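# Analysis of the macromolecular model
The chain contents come next:
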Amino acid sequence: MVKTATAQAGRKRPGDNPVPLKAWLWRSYVKAALIPLLLIEFGFVAIYWGTSQVVYDRSAAAITRISTDGVRDAAEREANIIAHRLNAISAMTRIYAEEADRALQTPALVSEAEQENLGLSPGGAFHTLRDTGGSAVFYSGIVPVGAAETEKVWRTARLDPLMRAIKDSDPLIAQLYLNTWDSLNRIYPWFDVLKIYPPKMDIPSYNFYYEADAAHDPDRKPVWTDAYVDPAGSGWMVSSIAPVYGPDRLEGVVGIDVTIGTIVKRVLDIHIPGDGYAVLIGRDGTILALPPKGEADLGLSELVGHSYAEAILKDTFKPAEFNIFQKPILTGLAGAMQSAPEGVRRINLGRPMIASWAQVAGPDWSLLVLASEDSVLAASSDLRSQLAFVSKGMVGILLVFYAGFFAFLWRRAATMSDRVAQPLGELENRMAVISDGGTLPPAPPYAIEELQKVGEHLVRMGDKIDAANRTKANFLAAMSHELRTPLNAIIGYADLLEGSEGMRLDGERLAQVRRIATAGWDLVRLVDVVLDLSRIEQQDLRLAAEPLDLPALLAEALEGHRPEAAKRAITLDLPPPAQPLPDLLGDAKILRRIFDELISNAVKYNLPGGTVTVRIDPEDDGCVPVRIIDTGVGIGAEHRDGVFKAFHRLGHENSTISGAGIGLAIAKRFAEVSGCGLEFDSVEGQGCTFILRIPCRPCA
């Protein structure tokens, strides 16, 4: 029987390293009661912590989801509000355009005072001279001002009351204007146009005019411009513009201006969850309006005012750094906004942020809402702190409890030592006898009823074990003798028939004789493996410790299976190791048996013309893995649990493949006895890979 050093060291006989019973009982309490109790208690604590973590994670996820939904809802809600306000301005722009069209077609009725308030400048511009509470007029002179042009000025004068009413109706509106194809500009409120506008100004060349022409606005509906510098001196703004068509051409464009400063103060001044803020994005990705909160995050300063030291002679738009497609930190967000009209995304602007956007219907702008993730998750952080406090409190209470419990157990161990010392010692001796396979005498009387019953049960158990071992040993010996004798005779006669010098067999008869011999050897091997299995279970094996030549051992095992593999055109391959192997120490015969069983299994269950590859992998975690890889039928998922169970054929019970389903079980048991690890991987229909992990035991 195998007796390892560990088993010998773990066995205690009377007189070998004796310890006081109090200490023994104390250790027993610790091992049998206290440690399991501690494991259970700390298991509960671990479960509590784990549950708390799950609760925290889910709570944080819920809070994040709620907060994210809040940010999304805020973006959608505020986008709808902005769209409503801008649509109201667009509606007024449409009305204004209709009235401008009507005014241009209606003969003028203008007062003498109105006529006296306009005059020509030295540069040829026809303009208002003073503020009378109405609009300012600027005919730039790029088209000479004649009677027809003057008539157009008088006709559009009737728009002043409407312009004043529209301006007063909405605090967002900064100014209103009418621009014509020949560079007439009527704008309200009044300002000194000669100080702002350049002479000979070509108004149709500016975006607030041409974006309403037929090429840009074929539907002839009000449209919104992106941000630009107002030539009229109001700084950065956006405009709602609409075309005014005559019978045969675009006569002019009306516009209602909203300054960027007004949008920041009156439109983007909204409450966003998580200390957030809103940014208005144009159709081409330009940031139209940026509140002060966002300037530090985006590294920009919003453009609100403008220096008019020089007149605005051409379109002036926001620089490239205001375009989200041009900012590396916003590239991913810009792509997401381009692909979907609304959504939510996490970004990093030097701090984690939650970004949500929604489309502003009408101008097709986007409202981008940015909220600090730390602020959003502040509630979940507080929850984590509270859970940590409760957990520490629980651990402290447990430590105090177990300190008192230890003291109680120590006193209990001292009390019980006198009562159970002798019976326990005798019972320990009796169990040692059983473990050594000995026979117990009748149990002596004990004062404690339970100990008396244990002693009697030990005697009966020992008798039954002895009887069972004897019966099993006799049966295996008899079976070995009774089966080997006729099998040897059958194999011998088959060999004689095959090699007879007289009337030689051929054809089907010779094949039948060879099948008899093959079947006989299969039965002999079956007897051998059954006996091996019995010896393993009885621990009746003696392991050798010798240096191992692993490649040679594998080559020898492969050679033994080449005849069988050749019958089915199966290729056996043993590539050399990729790197030198460490020194190995083990039982070569046991390893050879393992390799035989694994290679035999790989050949038997392979497909005709298949391959069996035996590969030695580099050392991994103190082991040398040996892989036996076949290209056979594989093992189905329903049979994986029975791979290493004895007498399991794994669905091949009725197949023509020989075997009793015990080879892999023997290989597994031998691997365990020799300290190796055996595992497998398989894909049904693609073959199997068995991996034997041989521990590195350097030679002394």
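Since the structure is predicted, the reported quantities are computational estimates derived from the model, not experimental observations.

### Notes on the overall build of the protein chain
The secondary structure content of the protein chain amounts to 17 helices and 21 strands. Sorting the 700 residues of the protein chain into buried and exposed places 42% on the buried side. When contacts within the protein chain are restricted to residue pairs at least 6 apart in sequence, those whose partners lie at least 24 apart make up 65%. For the protein chain, the computed accessible surface area is about 36400 Å², with 57% contributed by carbon and sulfur atoms.

### Thoughts on the pattern of salt bridges
Summed over all chains, the structure comprises 17 salt bridges. Residue Asp160 is joined to Arg186 by a salt bridge in which the shortest nitrogen-to-oxygen separation is 3.5 Å. Remark: Arg186 occurs in strand 5 (residues 184–188) and Asp160 occurs in helix 5 (residues 160–169); sequence separation between them is 26 residues. Accessibility classification places Asp160 together with Arg186 in one group, the buried group. The partner of Arg593 in a salt bridge is Glu597, with the nearest N and O atoms 3.6 Å apart. Here the residue Arg593 and the residue Glu597 both occupy positions in helix 16 (residues 588–604), the gap between them amounting to four residues, near one helical turn.

### Side note on the sheet that holds strand 12 (residues 343–348)
Here we have five strands laid out as an open sheet, ordered 11-10-14-13-12, and antiparallel in their pairing. Of all the strands in the sheet, just strand 11 (287–289) and strand 12 have a single pairing partner and so form its edges. Recorded for the sheet is a direction-independent mean angle of 35 degrees between the axes of neighbouring strands. Here strand 10 (residues 277–281) runs beside strand 14 (residues 365–372); their pairing, made up of five bridges, is antiparallel. Bridge pairing in strand 14 places Leu280 opposite Leu367.

### Quick look at the pairing of strand 14
Of all eight residues in strand 14, eight are buried; the element is thus mostly enclosed. Residue alternation in strand 14 divides its side chains into two sets, Trp365, Leu367, Val369 and Ala371 and Ser366, Leu368, Leu370 and Ser372, and both sets are buried. The pairing of strand 13 (residues 352–360) with strand 14 spans eight bridges and is antiparallel. Bridge pairing links Ser356 to Val369 in strand 14.

### A word on helix 10 (residues 331–339)
It helps to recall that an α-helix has 3.6 residues per turn; residues three or four apart then point in one direction. Within the sequence span of helix 10, burial applies to Leu333, Ala334, Ala336 and Met337. Looking straight down helix 10, one finds its buried side chains confined to an arc of 165 degrees; they lie on one side. Turned more than 90 degrees off the buried face of helix 10, the exposed positions are Gln338 and Ser339. On its buried face, helix 10 is in contact with strand 10, strand 12, strand 13 and strand 14.

### Observations regarding the nonpolar core
Buried together is how nonpolar side chains tend to be arranged in soluble globular proteins. Ile263, Val360 and Leu367 are the most contacted members of the largest nonpolar core, which has 50 residues in total. Ranked by residues supplied to this core, first place goes to helix 2 (residues 21–105) with 14 residues. With 40 residues, the next largest nonpolar core counts Ile594, Leu598, Val603 and Cys688 among its residues.

### Regarding the sheet that holds strand 20 (residues 677–683)
Sheet strands associate in pairs through backbone hydrogen bonding, adopting either a parallel or an antiparallel arrangement. Ordered in space as 16-18-19-21-20, the five strands form an open sheet in which the pairing is mixed. Two strands lie at the open edges of the sheet, namely strand 16 (571–573) and strand 20, each paired on one side alone. The average undirected angle you get between the axes of adjacent strands in this sheet is 10 degrees. Across five bridges, the pairing between strand 18 (residues 611–616) and strand 19 (residues 623–630) is antiparallel. Considered in strand 19, the bridge of Thr613 is made with Ile629. Lying over the sheet, helix 16 contacts strand 16, strand 18, strand 19, strand 20 and strand 21 (687–695), oriented at roughly 170 degrees with respect to strand 21.

### Here we look at the packing of aromatic side chains
Considering all chains together, one arrives at eight aromatic pairs under this definition. Consider the rings of Phe138 and Tyr197, whose centres lie 4.9 Å apart with planes at 50 degrees: the pair is tilted. Taken together, the positions of Phe138 in strand 3 (residues 136–139) and Tyr197 in the loop between helix 6 (193–196) and helix 7 (207–210) put the pair 59 residues apart, joining distant regions of the chain. Seen in terms of ring centroids, Phe191 and Tyr197 are 5.7 Å apart; in terms of plane orientation they differ by 70 degrees. Their pairing is edge-to-face. Taking relative accessible area as the criterion, Phe191 reaches 16% and is therefore assigned buried. You can call Tyr197 buried: its relative accessible area is 7%. Linked through ring pairs, Tyr177, Tyr206, Phe208 and Tyr228 together constitute an aromatic cluster.

### A closer look at the packing of helix 16 against helix 17 (residues 663–673)
Where helix 16 meets helix 17, the closest approach of the two axes is 9 Å, and the angle between their N-to-C directions is 150 degrees. One finds that helix 16 runs roughly antiparallel with respect to helix 17. Judged by the sense of rotation from one axis to the other, the crossing of helix 16 with helix 17 is left-handed. Residues Ile590, Arg593, Ile594, Glu597, Leu598 and Asn601 of helix 16 lie in contact with helix 17, whose contacting residues are Gly663, Leu664, Ile666, Ala667, Phe670 and Ala671.

### Here we look at the environment of Asn117
Inspection of the secondary structure assignment puts Asn117 in the loop between helix 3 (112–116) and strand 1 (118–120). Exposure remark for Asn117: the relative accessible area of 3% places this residue in the buried category. Placed 10 residues apart in sequence, Asn117 and His127 show a C-alpha to C-alpha distance of 8.3 Å. Excluding residues within four positions of it along the chain, Asn117 makes contact with His127, Thr128, Leu129, Arg130 and Thr132.

### Details of the pairing of strand 20
Looking along a regular strand, one sees the side chains alternate between the two faces of the sheet. Burial along strand 20 is one-sided: Leu678, Phe680 and Ser682 are buried, and none of Gly677, Glu679, Asp681 and Val683, which face the opposite way, are. As paired elements, strand 20 and strand 21 share seven bridges and run antiparallel to each other. Across the sheet, the residue bridging to Ser682 is Cys688, located in strand 21. Between strand 20 and the antiparallel strand that follows it, strand 21, lie three residues; Gly685 among them carries a positive phi value of about 90 degrees.

### What about helix 16?
Between its terminal C-alpha atoms helix 16 stretches 24 Å, which fits the 24 Å expected from 17 residues at 1.5 Å a residue. Turning to helix 16, its buried residues are Ile590, Leu591, Ile594, Phe595, Asp596, Glu597, Leu598, Ile599, Asn601, Ala602 and Val603.

### Remarks on the packing of helix 15 (residues 550–567) against helix 16
Where helix 15 contacts helix 16, the two axes come as close as 9 Å, and the packing angle between them is 40 degrees. Like other packed secondary-structure pairs, helix 15 and helix 16 cross with a definite hand, here right-handed. From helix 15, Leu550, Leu553, Leu554, Glu556, Ala557, Leu558, His561, Glu564 and Ala565 reach across to helix 16, where they touch Ala588, Leu591, Arg592, Phe595, Asp596, Ile599, Ser600 and Val603.

### Concerning the side chain of Asn323
Counting through the fold element by element, Asn323 comes out in the loop between helix 9 (292–298) and helix 10. Side-chain polar atoms of Asn323 contact the backbone nitrogen of Phe325, separated by 2.8 Å.

Parameters at a glance
Residues numbered from 1 in each chain as written. Predicted model: local features only at pLDDT ≥ 70, side-chain atom pairs only at ≥ 80, totals over all residues. Heavy atoms only, no water. Helix = DSSP H or I, 4+ residues; strand = E, 2+ residues; numbered from the N terminus. Buried < 20%, exposed > 50% of the residue type's maximum accessible area, 1.4 Å probe, protein only. Contact = heavy atoms within 4.5 Å. Areas by Shrake-Rupley, 256 points an atom, 1.4 Å probe, with all protein chains shown as cover. Salt bridge = Lys/Arg side-chain N within 4 Å of Asp/Glu carboxyl O. Pairing = 2+ DSSP bridges. Axes fitted to C-alpha atoms, helices over the stretch in contact; angles between N-to-C directions. Arc of directions from axis to C-beta. Core = buried A, V, L, I, M, F, W, Y, C linked by side-chain atoms within 4.5 Å. Phe/Tyr/Trp six-rings, centres within 6.5 Å; stacked < 30°, edge-to-face > 60°. Parallel < 35°, antiparallel > 145°, perpendicular 65-115°, else oblique. Left-handed = near helix turned anticlockwise from the far one by under 90°. Expected span 1.5 Å × (residues − 1). Polar contact = N/O pair within 3.5 Å; in protein donor to acceptor, adjacent residues only side chain to side chain.

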